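Architecture and fold: a report
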Amino acid sequence: MARDEVGPGLLAAIATGGVLGALGRYGVARALPDEPGRFPTATFLVNVSGCLAMGLLFVWVLSLRRPHPWLRPFLGVGVLGGWTTFSTYALESRALLASSHLVTGLSYALGSLVAGILAVGAGVTLGERAFGRRR
């Protein structure tokens, strides 16, 4: 996207998507509250599902003949950017490791990474089956 294409409308679309994604993430965190020393299920599920959705989104947008120029920024940067959270993942991993919950911390840190990569791949594969191969 060229720099001159960024205007108030696009920024509003990204911000609106970000609000929607953040509200969804907040809802999941409220439904699955963390307990100190336990595996952070809410953040794990949000991040892995966001990776799956990003894989699907990538293939879907590429399959469209003329996608709206705000589609990918709204969904990818906004919604999925607000939905997922690397900073919380990093903070939770550090907290678990620093509080002597070594197995849980390592499981979470490494498990999130592996599951996220696998989820992106699964999203791309599902997207290719649903929308056709990437161009």
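In the block above lies the structure referred to throughout.
Here goes a summary of the coordinates provided. (Residues numbered from 1 in each chain as written. Predicted model: local features only at pLDDT ≥ 70, side-chain atom pairs only at ≥ 80, totals over all residues. Heavy atoms only, no water.)

Examining the packing of helix H4 (residues 86-98) against helix H5 (residues 102-131)
To describe two helices that pack against each other, one gives the angle between their axes and the distance between the axes. Put simply, the test is: Lines fitted to the C-alpha atoms define the axes, with helices restricted to the stretch that makes contact. Angles between their N-to-C directions range from 0 to 180 degrees. In DSSP terms, a helix is any run of H or I states spanning at least four residues, a strand is any run of E spanning at least two, and both are numbered starting from the N terminus. For classification, angles of less than 35 degrees are called roughly parallel, those exceeding 145 degrees roughly antiparallel, those between 65 and 115 degrees roughly perpendicular, and all remaining angles oblique. By definition, any crossing whose near helix is turned counterclockwise from its far helix by less than a right angle is left-handed, and any crossing with a clockwise turn is right-handed. Whether two residues touch is decided by their heavy atoms; if any such pair falls within 4.5 Å, the residues are in contact. Only Asp, Glu, Lys and Arg are considered charged, only Ala, Val, Leu, Ile, Met, Phe, Trp, Tyr, Cys and Pro nonpolar, and every remaining residue, Gly among them, polar.
At their nearest, the axes of H4 and H5 sit 7 Å apart, and the two run at 155 degrees to each other. The angle between H4 and H5 falls in the class roughly antiparallel. When you trace H4 past H5, the crossing you get is left-handed. Between H4, through Tyr89, Glu92, Ser93, Leu96 and Leu97, and H5, the contact on the second element is made entirely by Leu102, Thr104, Gly105, Leu106, Tyr108, Ala109, Ser112 and Leu113. Of the residues belonging to the contact of H4 with H5, the class tally is 8 nonpolar, 4 polar and 1 charged.

Some words on helix H1 (residues 8-31)
Given 3.6 residues to a turn, an α-helix orients residues that are three or four positions apart in the same direction. What counts is decided by this rule: A helix is expected to reach a length of 1.5 Å times the quantity of its residues less one.
Helix length check: H1, at 24 residues, gives a terminal C-alpha distance of 34 Å against a target of 34 Å (1.5 Å per residue), a fit within 8%. For H1, the elements touching its buried residues are helix H3 (71-83).

Some points on the packing of aromatic side chains
Our working definition: Only Phe, Tyr and Trp rings take part, Trp by its six-membered ring, and two of them pair if their centres are within 6.5 Å. Stacked means planes under 30 degrees apart, edge-to-face means over 60, and tilted covers everything else. Think of it in three bands: with a 1.4 Å probe and only protein chains considered, a residue is buried below 20% of the maximum accessible area for its type, exposed above 50%, and partly exposed in between.
Across all of its chains, the model carries 4 aromatic pairs by this definition. When the ring of Phe39 is compared with that of Phe44, the centres are 5.3 Å apart and the planes differ by 65 degrees; the resulting orientation is edge-to-face. Here Tyr89 and Tyr108 contribute two aromatic rings whose centre-to-centre distance is 5.5 Å and whose plane-to-plane angle is 65 degrees, an arrangement assigned as edge-to-face. Of this pair, Tyr89 sits in helix H4 while Tyr108 sits in helix H5, and the two are 19 residues apart along the sequence. Of the residues examined, Tyr89 reaches a relative accessible area of 16% and is grouped as buried. Using a relative accessible area of 0% as the deciding quantity, one classes Tyr108 as buried. One aromatic cluster is present, built from ring pairs that chain together Phe39, Phe44, Phe86, Tyr89 and Tyr108.

Regarding a nonpolar patch on the surface
Threshold: Residues form patches when they are more than 30% accessible in relative terms and have no salt bridge. Like charges link within 9 Å. Nonpolar side chains (Val, Leu, Ile, Met, Phe, Trp, Tyr) link within 5 Å. The method behind every accessible area is Shrake-Rupley, applied with a 1.4 Å probe, and residues are considered shielded solely by the protein chains displayed. Counted as salt bridges are all cases of a side-chain nitrogen of Lys or Arg within 4 Å of a carboxyl oxygen of Asp or Glu.
Taken together, the side chains of Leu97, Leu102, Leu106 and Leu110 make up a nonpolar region of the molecular surface, amounting to roughly 350 Å² of accessible area. A per-element tally of the nonpolar patch places H5 first, with 3 residues. Summarising the element assignment, Leu110 is placed in helix H5. What makes Leu110 exposed here is its relative accessible area of 51%.

In short, shape yes, function no, at least from these values alone.
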